[in-house]
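Notes for the structure review
The lines below spell out each chain.
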Amino acid sequence: MKYGYFDDTKREYVITRPDTPAPWANYLGSPEYGALISNNAGGYSFAKSGANGRILRYIFNQFDQPGRYMYIRDNKTQDYWSASWQPVGKDLEAYKSECHHGTAYTKMLADYSGIHSEALYYVPLDQTYEVWNLRLTNQSAEDRELTVTGYAEFTNNNNYEQDQINLQYSQFITRTEFHENRIRHVIHGNLDWAKEGEEVDDELVIDRFFALTGATVDSYCGDREEFLGRYHGYNNPQGVEKGQLSGEMCYNQNGCGALSTVIRLKPNETKDIAFLVGMKGNKEAKEIIVKYENTTQQCEKELNELITYWHGRLSHFQVQTPSAEFNTMINTWNAYNCFITFIWSRAASFFYCGLRNGYGYRDTVQDIQGIIHLAPEMALEKIRFMLSAQVDNGGGLPLVKFNHNAGHEDTPEDASYVKETGHPEYRADDALWLFPTVYKYLAESGNMEFLDEVIPFANKDEGTVYEHLKRAIDFSMNRLGVHGMPAGLYADWNDCLRLGKNGESAFVALQFYYAMDIIKRCAEYKKDTQYGIYLDEKKNMLGKIINECCWNEDRFIRGYTQTGEIIGCKTDPEANMWLNPQSWAVISGLASEEQADTALDTVYQRLNTEYGAILMDPPYYKHAFEGALAVIYNAGSKENAGIFSQSQGWIILAEALRGHGDRAFTYFMENAPAAQNEKADIRKLEPYCYGQFTEGKDSPHFGRSHVHWLTGTASTIMVGCVEGILGMRPDFSGLCISPSIPKEWDTFTAKKEFRGKHLHIQVYNHNQKESGCVELLVNGEAMKGNYIPFEKMTENTDIVLTIS
Ligand code: GLC
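Residues numbered from 1 in each chain as written. Predicted model: local features only at pLDDT ≥ 70, side-chain atom pairs only at ≥ 80, totals over all residues. Heavy atoms only, no water.

1. So, the site of the ligand
Applied cut-off: A single heavy atom is enough: if one lies within 4 Å of a molecule or strand, its residue is considered near that molecule or strand. Polar contact is the term for a pair of N or O atoms within 3.5 Å; when the atoms are in protein, one must be able to donate a hydrogen and the other to accept it, and sequence-neighboring residues count only if both atoms are side-chain atoms.
R362, D363, W493, N494, D495, E639, F644 and Q692 make up every residue found near the ligand. Between an oxygen atom of the ligand and a side-chain N or O atom of D363, the distance comes to 2.6 Å. Contact distances for the ligand include 2.9 Å between an oxygen atom and a backbone N or O atom of D495.

Dropping the structure here:
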């Protein structure tokens, strides 16, 4: 079953059936002022922190309510509906709607009883409030009188838990007032002898507002219970039913903003109004409202600004292949998903409530990879920040607080850090993610001076970027286990593998091997010969150890437990085959060709399913060792044999690096949201964004996906597709193009911005091969192999690569 389609020209996903299998959401604004909105207008808003700056209420794990509701009532018939299908939920025979999720805006079109409505929701670029612009057109033959009511449900406390749980407190600090065209919602209003936003005895006087522009307020209500009416719901608020709000304000209980205006429309006449929401004092609110006097123009201008900004961001890499699903993901949706994870980290979604007060080290460093080819300057800023969260011992802080104070932070060795963040120990992989990320940045931007930039460490001292990378090598080197592979510590990439100081992680060993390869390239660039020799020796040794201790006939094992038992041995009754060590053996360059192809075949045979490869098999049940925390999950879910979507990116990349275009593309299609558009009832999640995992074959809901939007999947798949399938592999001196595509692709084109040059790339594959290069022409000149030195690039560079 299908609920919508991709409009690639507008970069929108258009939902044509509003009764989607789950709320299908979009992101507006930024964490400075963030708003989530579903296709039925459900969702919440916050300033700075999802957990501590919550403005609009949303009940998690419920029926996608409440939301940003705009009700329309025909005053003659007294019939009413909403600009989004829910909450009123009219019969879909009579109510026709479309929800257009775009880049940082959502527009809902509805047609009901001769009235066409367009509800546009957005946060203006760089602003910290939101706009709900409603445009109404009378498409009937009669004059119509409509009462339009906007409804915003405020939280009673900035802290969402206090709002939900501590009612004996939060309900009695809240009140609302009406001023000319707006409801003012005040928390701690009784402290208002202090100035707005000023702290009084640890309490802040907090102001929110809900305003109407483009029309006058005819009636209003600031009290939720009064607006809804006893035993009414959002589908039939008494204030809307009556067509007149009571004027009651909130003093205790629950504050809300409800504003009604009467709109008269002649046939074919259109009118625009807008509701505004923000966390602003009275004065600032007034200033904002004034800007919208000319509602139509202001909203159109702001929407265009958003589109220009976002489409500009996405335009730096665009591809046309024979696969519509691939194009829409790489050109728009996966790219936008990468920006969203890059900007929002794991701050807020319908699954993350915002409680995590910081950035996860590994997640954030990985997220950066997804946008490097689109916005290297944005990546640079975040890389700096993450390097400044590296402790002087080389390890990453497991959680980097939003108010991170580089040079002065406590570390997991300090009780204070543990108390504040809940992270008691280092994780084995965190700082090792810096290697691919920094490398990709250097190669994409050509900004090699960055290696010499001095950046503080999290706790004390400072060092160049090169020094930071060296310390990350030291961190792992100083924490080797009995076989000489990196210890697994509190976790490696897999949060559910706790191998401790004595257990060892094959995954981290491979990551470490790869890291040494990357820093070797930096050492060569810096002519640091001594260090280069040291690296060669250590890397060779590690390579030997991995081969001796981890290769198991047709696969790499997953590691060793604290007591020295093998994890992922072929003969184990459970978890005897793992995905990541196979893909990483290839990515790291450790696996021989034979090992690589054997391991990848084993993955395909043992782990692949129609929705992607499962993380391991069989799931843990009776035979979990002590550090195998995944056993707590239902079989086929998350780390316990779920299809962990992030890992699909690595298997795509690994197959592509081996030149197996068909397999790489198969893995892409199995888990690509766009490729599941027609299977929305199985996948459930939005067909335009990735989720954390898909339930594996051991689950009765095989194929159902979870935890939308904020996932490392976005960046690993992007890298798997751009570097892997499309083969765009910059290095310090130029660009290698090495596509691994499905045999049936006879051609593709790509437009790439690269260090200020515009590359126009055309790839031909006349003889149905999966990879290779018989000729590479750059502005008509033949290159050696498939490599383009940067000096060969002109402002506009025409590149023609023939695979076969
Ligand atoms: C979640 C975590 C990520 C971890 C992964 C696997 O996605 O955010 O840090 O690597 O699970 O356990």
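2. Things to note about the domain arrangement of the protein
For the record, the criterion: All domain edges in this entry derive from an automatic or database-based domain assignment. Throughout, a contact is declared for two residues whenever any of their heavy atoms are within 4.5 Å. Reported buried area values correspond to the accessible surface (1.4 Å probe) lost by two parts on association, with both partners' losses combined. We define a salt bridge as a contact between a side-chain nitrogen of Lys or Arg and a carboxyl oxygen of Asp or Glu at a distance within 4 Å. What counts as a helix is a DSSP run of H or I of at least four residues, what counts as a strand is a run of E of at least two, and both are numbered from the N terminus. For this classification, Asp, Glu, Lys and Arg are treated as charged, while Ala, Val, Leu, Ile, Met, Phe, Trp, Tyr, Cys and Pro are nonpolar and the rest, including Gly, are polar.
Domains assigned within the protein are domain 1 (4–312), domain 2 (316–723) and domain 3 (733–802). Look at where the C-alpha atoms of domain 1 and domain 2 centre, and you get two points 39 Å apart. On the domain 2 side, the residues contacting the 42 residues of domain 1 number 32 residues. Carbon and sulfur atoms supply 65% of the area that domain 1 and domain 2 bury against each other, a total of about 2900 Å² over both sides. At the boundary of domain 1 with domain 2, the tally comes to zero salt bridges. There are 17 residue pairs in polar contact (both at pLDDT 80 or more) connecting domain 1 and domain 2. Mapped onto the side of domain 1 that touches domain 2, the elements with two or more residues apiece are strand 1 (4–7), strand 2 (12–15), strand 3 (25–30), strand 4 (33–38), helix 1 (160–165) and helix 6 (295–314). Tallying contributions element by element places strand 3 first for the side of domain 1 that touches domain 2, with six residues. Here the residues of the side of domain 1 that touches domain 2 are counted per class, giving 22 nonpolar, 14 polar and six charged.

3. Quick notes on the UniProt feature "domain: Glycosyl hydrolase 94 catalytic" (unreviewed entry) in the protein
Inclusion rule: UniProt positions are given in the numbering used here, feature names are shortened, and annotations may be inferred rather than shown by experiment.
With numbering aligned to this structure, UniProt lists the feature "domain: Glycosyl hydrolase 94 catalytic" (unreviewed entry) at residues 309–727. For residues 309–727, helix accounts for 44% and strand for 12%, while the C-alpha atoms at its two ends are 27 Å apart.

4. Examining the pattern of salt bridges
Rules: Here's how the labels work: a residue is buried when its accessible area is under 20% of the maximum for its type, exposed when over 50%, partly exposed in between, all with a 1.4 Å probe on protein chains only.
Counting across every chain of the model gives 56 salt bridges. Here K520 makes a salt bridge to D536, at a shortest N to O gap of 3.1 Å. Linking K520 in helix 13 (residues 506–525) with D536 in helix 14 (residues 529–550), this pair joins segments that are 16 residues apart in sequence. The exposure class assigned to D536 is partly exposed, which follows from its relative accessible area of 34%.

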